[in-house]
Amino acid sequence: MIDTRSASKRGIGMTSARTRDRLVRRLKDNGIRSSAVLEQIRNVPRHLFVDEALASRAYEDTALPIGHGQTISQPWVVARMTEALLDGFEGQRVLEIGTGCGYQTAVLAPLVKEIFTVERIPELLRKTKQRLRDLDIYNVRFRLGDGWQGWPKYGPYDGIIVAAAADELPQKLLEQLAPNGRLIMPVGPPGRQRLIMVKRLPEHFEEVSLGAVSFVPLVKGM
Ligand code: SAH
């Protein structure tokens, strides 16, 4: 008997291994080095994170709409952020702001101990909880809330990853960063955003730019 649930989990019939290999090759050509991250891009069935009508485009290296005016991040961006977060990472706990459809969460989940993820749109959060459960991902805690506030209860975090752009680094997120922790987030106005990595050193925060990106805005408040 065919187990359709696990077949769809593995993406059989939807997308071939060849399509996924092509995406992985493209990310490699565009500078993604981490084999653990590339392996995750190959494994995570991205077509299950978008509407069925868009499933055939799920392994293109582009952002796609997920409803509510939001998008699933471009695979290259997810790979770059994950790689930057995990490079030399010794910690275990990660705060994610902007859960969306949960693609970034799913890529990161097997590579860290625990993810605490915050989203402000209830409908997206509800669907994503179910989706990650269906994919047997259990090391994620979800919160409906305003990402500008972080999630103090479980902080400080060894890593913080933000999937929406702001003009400035949210002070509350910097405060919730553990010593030697790092925060990865897009900063700047539309059209001029850069992906920034901030490291918390003993005396100060160190900022490095990882290049130009394009994200939806980190909305103020609920
Ligand atoms: N991580 C997703 C991308 C999500 S797009 C992926 O892997 O594809 C950015 C998400 O941030 C949207 O779902 C949006 O609703 C959410 N967001 C925007 N402002 C927010 C805020 N202040 N607090 C929490 N989530 C926010």
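Quick note: structure is the one above.
A brief look at the structure comes next. (Residues numbered from 1 in each chain as written. Predicted model: local features only at pLDDT ≥ 70, side-chain atom pairs only at ≥ 80, totals over all residues. Heavy atoms only, no water.)

**A few points about the overall build of the protein**
(1) Moving on: Counting its secondary structure elements, the protein contains 7 helices and 9 strands.
(2) Moving on: Taken along the three principal axes of its C-alpha coordinates, the protein extends 60 × 35 × 35 Å.
(3) Moving on: Here the protein holds 222 residues, and the buried ones make up 50% of them.
(4) Moving on: As displayed, the protein has an accessible area near 11300 Å², and 49% of this comes from carbon and sulfur atoms.
(5) Moving on: Charge separation in the protein, taken as the distance between the mean sites of 32 positive and 25 negative side-chain charges, equals 3 Å. (Helix = DSSP H or I, 4+ residues; strand = E, 2+ residues; numbered from the N terminus. Buried < 20%, exposed > 50% of the residue type's maximum accessible area, 1.4 Å probe, protein only. Areas by Shrake-Rupley, 256 points an atom, 1.4 Å probe, with all protein chains shown as cover. Lys, Arg positive; Asp, Glu negative; His and termini not counted. Charge placed at Lys NZ, Arg CZ, Asp CG, Glu CD.)

**Some words on the nonpolar core**
(1) Moving on: Core analysis: the biggest nonpolar cluster contains 50 residues, and Leu27, Ile41, Phe49, Ile72, Tyr103 and Ile184 have the highest contact counts within it.
(2) Moving on: When contributions to this core are tallied by element, the ones reaching two or more residues are α2 (17-29), α3 (35-43), β1 (64-67), α4 (75-86), α5 (103-108), α6 (122-134), β5 (140-144) and β8 (194-200).
(3) Moving on: One finds Leu95, Trp148, Trp151 and Leu173 within the second-largest nonpolar core, a separate group that totals 21 residues. (Core = buried A, V, L, I, M, F, W, Y, C linked by side-chain atoms within 4.5 Å.)

**Thoughts on a positive patch on the surface**
(1) Moving on: Taken together, Arg18, Arg22, Arg25 and Lys28 make up a surface patch of like positive charges.
(2) Moving on: With respect to the helices and strands, the residue Lys28 is situated in helix α2. (Patch = residues over 30% accessible without salt bridge, like charges linked within 9 Å, V, L, I, M, F, W, Y side chains within 5 Å. Salt bridge = Lys/Arg side-chain N within 4 Å of Asp/Glu carboxyl O.)

**Details of the environment of Leu144**
(1) Moving on: The residue Leu144 is located in strand β5 in this model.
(2) Moving on: Take Leu144: its relative accessible area is 42%, and that puts it in the partly exposed class.
(3) Moving on: The spacing of Leu144 and Arg120 is 24 residues in sequence and 5.4 Å in space, taken between C-alpha atoms.
(4) Moving on: Apart from residues no more than four positions distant in its own chain, Leu144 is found in contact with Glu119, Arg120, Ile121, Pro122, Leu125 and Met222. (Contact = heavy atoms within 4.5 Å.)

**Observations regarding the sheet that holds β5**
(1) Moving on: Within the open sheet, the 7 strands sit side by side as β5-β4-β3-β6-β7-β8-β9. Their pairing is mixed. Each having just a single partner strand, β5 and β9 (205-212) make up the two edges of the open sheet. Going from strand to strand, the sheet's axes swing by 15 degrees on average, the running direction of each strand aside.
(2) Moving on: Bridge count for β8 against β9 is 6 bridges, and the pairing is antiparallel. Considered in β9, the bridge of Val198 is made with Glu207. (Pairing = 2+ DSSP bridges. Axes fitted to C-alpha atoms, helices over the stretch in contact; angles between N-to-C directions.)

**What to know about the side chain of Gln40**
(1) Moving on: Its location among the elements puts Gln40 in helix α3.
(2) Moving on: From its side chain, Gln40 meets the backbone oxygen of Ala106 in a polar contact 3.3 Å long.
(3) Moving on: Ignoring any residue separated from it by four or fewer positions in sequence, one finds Gln40 in contact with Ala106, Val107, Pro110 and Leu111. (Polar contact = N/O pair within 3.5 Å; in protein donor to acceptor, adjacent residues only side chain to side chain.)

Limitation: the analysis is restricted to geometry and does not speak to function.
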